[in-house]
Amino acid sequence: MAILVLGGAGYIGSHTVDRLVDRGVDVVVVDSLVTGHRAAVNSKAKFYQGDIADQPFMRDVFKENPAIDAVIHFAAFSLVAESMKKPLKYFDNNTSGMIKLLEVMNEVGVKKIVFSSTAATYGIPEQVPIKESDPQQPINPYGESKLMMEKIMRWSDQAYGIKFIALRYFNVAGAKPDGSIGEDHNPETHLLPIVLQVAAGTREKLQIFGDDYDTPDGTNVRDYVHPFDLADAHILAVDYLRQGHDSTAFNLGSSTGFSNMEILKAAREVTGKPIPAELAPRRPGDPDTLIAASDKARKVLGWKPQFDDIHKIIETAWKWHATHPNGYQDR
Ligand SMILES: NC(=O)c1ccc[n+]([C@@H]2O[C@H](COP(=O)([O-])OP(=O)(O)OC[C@H]3O[C@@H](n4cnc5c(N)ncnc54)[C@H](O)[C@@H]3O)[C@@H](O)[C@H]2O)c1
Ligand SMILES: O=c1ccn([C@@H]2O[C@H](COP(=O)(O)OP(=O)(O)O[C@H]3O[C@H](CO)[C@H](O)[C@H](O)[C@H]3O)[C@@H](O)[C@H]2O)c(=O)[nH]1
């Protein structure tokens, strides 16, 4: 049996491919490299460059690799601010891309998929920690595109028997502990890589977007999860489907929140650098607090995250940023 990883050259995908290869799993990767990096893909995985919406290309990938019985799907755009300005780009790549993919999967008879959903499908939460059964009311096109993917999956399961697990990640941070792969987005918009770029000297200062939120220190609170722990959850989710269980969704987070100021303080402690920061206006669309209730994944999948300490997560990310201040340097 082999697993097809879509978007396996991206930040989270490359860590998952690495983890799968480490466990001796046969891995086939498809990535258009629109935001990913060829150098991030473990050399033991078979790599195809192409778009998941290109059906003739995807048919060939399945035909050439008949051992594929399950798909892990990361291939999407995920910048909230960009999605507000270019919503159709998100509905096209994320939502239409999923439809095109499911058509081919149905055709070739591969009927298991684990895919990246997001905390952004919840919008402004009515309560924290957020449970899987809480209302999903996205406040940006990115979150909406992912919620549409979840809904399309439900109907595709009902009609074609394609079983799915939607994994709703909270804030992903950290890198492979040996520092060989890590996060390299361009532009970078996420808090921790920006903080560490300042520490590494490739960015002048951090801007903290708002300090008047309804949180203990006034800055937003987020729940951070390491890509290796996410990778393990994907592997468990594929096993769960292979055991014949029904489709469902899981939150993936640490169930602990850290404010933006707490992240800055922890990063100063880990790096020993001053990391200059200044206050800036709120960024539109930021909910006060996002914390996952992730006991369902722990109970049902047996998920046991290893990186349960924010200092440990930051240490792994710092190892990557300190040794790769300009990322993969491939564009
Ligand atoms: N980073 C986070 O904090 C976070 C949080 C929640 C959910 N997610 C989701 O996780 C997934 C991975 O996120 P990431 O941070 O690794 O992003 P990323 O941009 O690093 O990775 C996405 C990968 O998919 C590829 N890709 C995009 N569209 C494609 C297409 N149509 N065909 C083929 N390849 C395509 C890109 O080249 C890239 O390698 C995304 O679906 C994202 O929405 C990310
Ligand atoms: O330069 C910066 C960058 C970010 N922030 C703040 O840091 C916090 C975290 O922001 P990120 O951009 O790192 O992450 P988000 O919480 O906005 O979003 C991330 O997590 C979400 C789920 O929680 C979605 O999945 C989304 O795709 C993913 O990017 C926010 O309060 C943001 O305003 C700053 O203060 N300064």
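Each value, and the rule that gives it
- Residues numbered from 1 in each chain as written.
- Chains lettered and ligands numbered in written order.
- Predicted model: local features only at pLDDT ≥ 70, side-chain atom pairs only at ≥ 80, totals over all residues.
- UniProt positions renumbered as here; feature names shortened; annotations may be inferred.
- Helix = DSSP H or I, 4+ residues; strand = E, 2+ residues; numbered from the N terminus.
- Contact = placed C-beta atoms within 7 Å.
- Near = placed C-beta within 6 Å.
- Nonpolar A, V, L, I, M, F, W, Y, C, P; charged D, E, K, R; others polar.
- Domains from an automatic or database assignment.
- Buried ≥ 20, exposed ≤ 12 C-beta atoms within 10 Å, placed from the backbone.
- Pairing = 2+ DSSP bridges.
- Right-handed = clockwise from strand over helix to strand, strands pointing away.
- Axes fitted to C-alpha atoms, helices over the stretch in contact; angles between N-to-C directions.
- Parallel < 35°, antiparallel > 145°, perpendicular 65-115°, else oblique.
- Left-handed = near helix turned anticlockwise from the far one by under 90°.
- Core = buried A, V, L, I, M, F, W, Y, C linked by C-beta atoms within 7 Å.

Under an unreviewed UniProt entry, the name given to the chain is UDP-glucose 4-epimerase, and the organism recorded is Liquorilactobacillus nagelii. UniProt annotates the chain under Cofactor (unreviewed entry) with the comment "NAD(+)".

Student: Can you explain the overall build of the chain? Please cite residues and give values.
Tutor: In terms of regular secondary structure, the chain is built from 10 helices and 13 strands. Along the first, second and third principal axes, the C-alpha atoms of the chain reach 55 × 40 × 40 Å. Counting contacts in the chain only where the partners sit at least 6 residues apart, residues at least 24 apart contribute 79% of the total.

Student: Which residues make up the site of ligand 1, and what values go with them?
Tutor: Ligand 1 sits among 28 residues. The nearest are Gly 7, Gly 10, Gly 36, Ala 76 and Ser 78. Going through the elements one at a time, α1 (11–22), β2 (26–31), α4 (87–108), β5 (112–118) and β7 (171–172) are the ones with two or more residues in the shell around ligand 1. Among the elements that make up the shell around ligand 1, the one with the highest residue count is α1 (3 residues). For the shell around ligand 1, the class distribution of residues is 13 nonpolar, 13 polar and 2 charged.

Student: Before we move on, could you go through the domain arrangement of the chain and cite the residues and values that matter?
Tutor: Parsing the chain into structural domains produces domain 1 (2–173 + 223–252) and domain 2 (191–222 + 256–323). Taking the mean C-alpha position of each, domain 1 and domain 2 sit 24 Å from one another. The set of elements that each furnish at least two residues to the side of domain 1 that touches domain 2 consists of α3 (80–85), β10 (224–225), α7 (227–242) and β11 (248–252). The biggest single contributor to the side of domain 1 that touches domain 2 is α7, with 7 residues. Tallied by class, residues from the side of domain 1 that touches domain 2 come to 20 nonpolar, 4 polar and 5 charged.

Student: Describe in detail the pairing of strand β6 (residues 163–169), supporting the description with residues and values.
Tutor: In terms of burial, β6 is a largely internal element, 7 of the 7 residues being buried. The alternating pattern of β6 places Lys 163, Ile 165, Leu 167 and Tyr 169 on one face and Phe 164, Ala 166 and Arg 168 on the opposite face, and all of these are buried. Two elements, β5 and β6, share 7 bridges in a ladder whose sense is parallel. Following the sheet pairing, Phe 115 is matched in β6 by Ala 166. In terms of handedness, the path from β5 via helix α5 (residues 141–160) over to β6 forms a crossover that is right-handed. Looking at chain direction, β6 and β11 are connected through 5 bridges and run parallel. Bridge pairing in β11 places Arg 168 opposite Asn 251.

Student: A description of the UniProt feature "domain: NAD-dependent epimerase/dehydratase" (unreviewed entry) in the chain should follow, citing residues and the corresponding values.
Tutor: Per the UniProt record, the feature "domain: NAD-dependent epimerase/dehydratase" (unreviewed entry) sits at residues 3–253. In the segment residues 3–253, helix accounts for 38% and strand for 20%; the C-alpha atoms at its two ends are 24 Å apart.

Student: A description of the pairing of strand β4 (residues 68–73) should follow, citing residues and the corresponding values.
Tutor: Here β4 lies mainly inside the structure; 5 of its 6 residues are buried. Strand direction decides the pairing type here: strand β1 (residues 2–6) and β4, joined by 5 bridges, are parallel. For Val 5, the partnering residue across the bridge sits in β4 and is Ile 72. One ladder, built from 3 bridges, connects β4 with β5; its direction is parallel. By the bridge assignment for β5, His 73 is matched with Phe 115.

Student: For the sheet that holds β2, give the residues involved together with the corresponding values.
Tutor: Reading across from one edge, β3-β2-β1-β4-β5-β6-β11 is the order of the 7 strands in this open sheet, with parallel pairing throughout. Two strands bound the open sheet, and with one partner strand each, they are β3 (46–49) and β11. Along the sheet, successive strands turn relative to each other by an average axial angle of 20 degrees, direction set aside.

Student: I'd love a proper account of the packing of helix α2 (residues 55–64) against α4, names of residues and values included.
Tutor: Look at α2 against α4: their axes get within 10 Å of each other, and the N-to-C directions meet at 40 degrees. Classified by the angle between their axes, α2 and α4 sit oblique to one another. Where α2 crosses over α4, the handedness of that crossing is right-handed. Across the interface between the two elements, Gln 55, Met 58, Arg 59 and Phe 62 of α2 pack against Lys 100, Leu 101, Glu 103, Val 104 and Val 108 of α4. Across the contact of α2 with α4, the residue classes break down as 5 nonpolar, 1 polar and 3 charged.

Student: With reference to specific residues and values, describe the nonpolar core.
Tutor: Ranked by internal contacts, the top residues of the largest apolar core, which has 97 residues, are Val 195 and Leu 252. Here this core gets 9 residues from one element, more than from any other, and that element is α7. Domain assignment of the residues forming this core places at least three in each of domain 1 (2–173 + 223–252) and domain 2 (191–222 + 256–323).

Student: Report on the site of ligand 2, specifying residues and quantitative values.
Tutor: Near ligand 2, the surroundings consist of 21 residues, among which Thr 118, Ala 119, His 190, Leu 191 and Asn 220 are the closest. By residue number, the principal contributor to the shell around ligand 2 is strand β8 (residues 206–209), which donates 3 residues. In the shell around ligand 2, the residues fall into 10 nonpolar, 8 polar and 3 charged. Both domains that furnish three or more residues to the shell around ligand 2 are identified here as domain 1 (2–173 + 223–252) and domain 2 (191–222 + 256–323).

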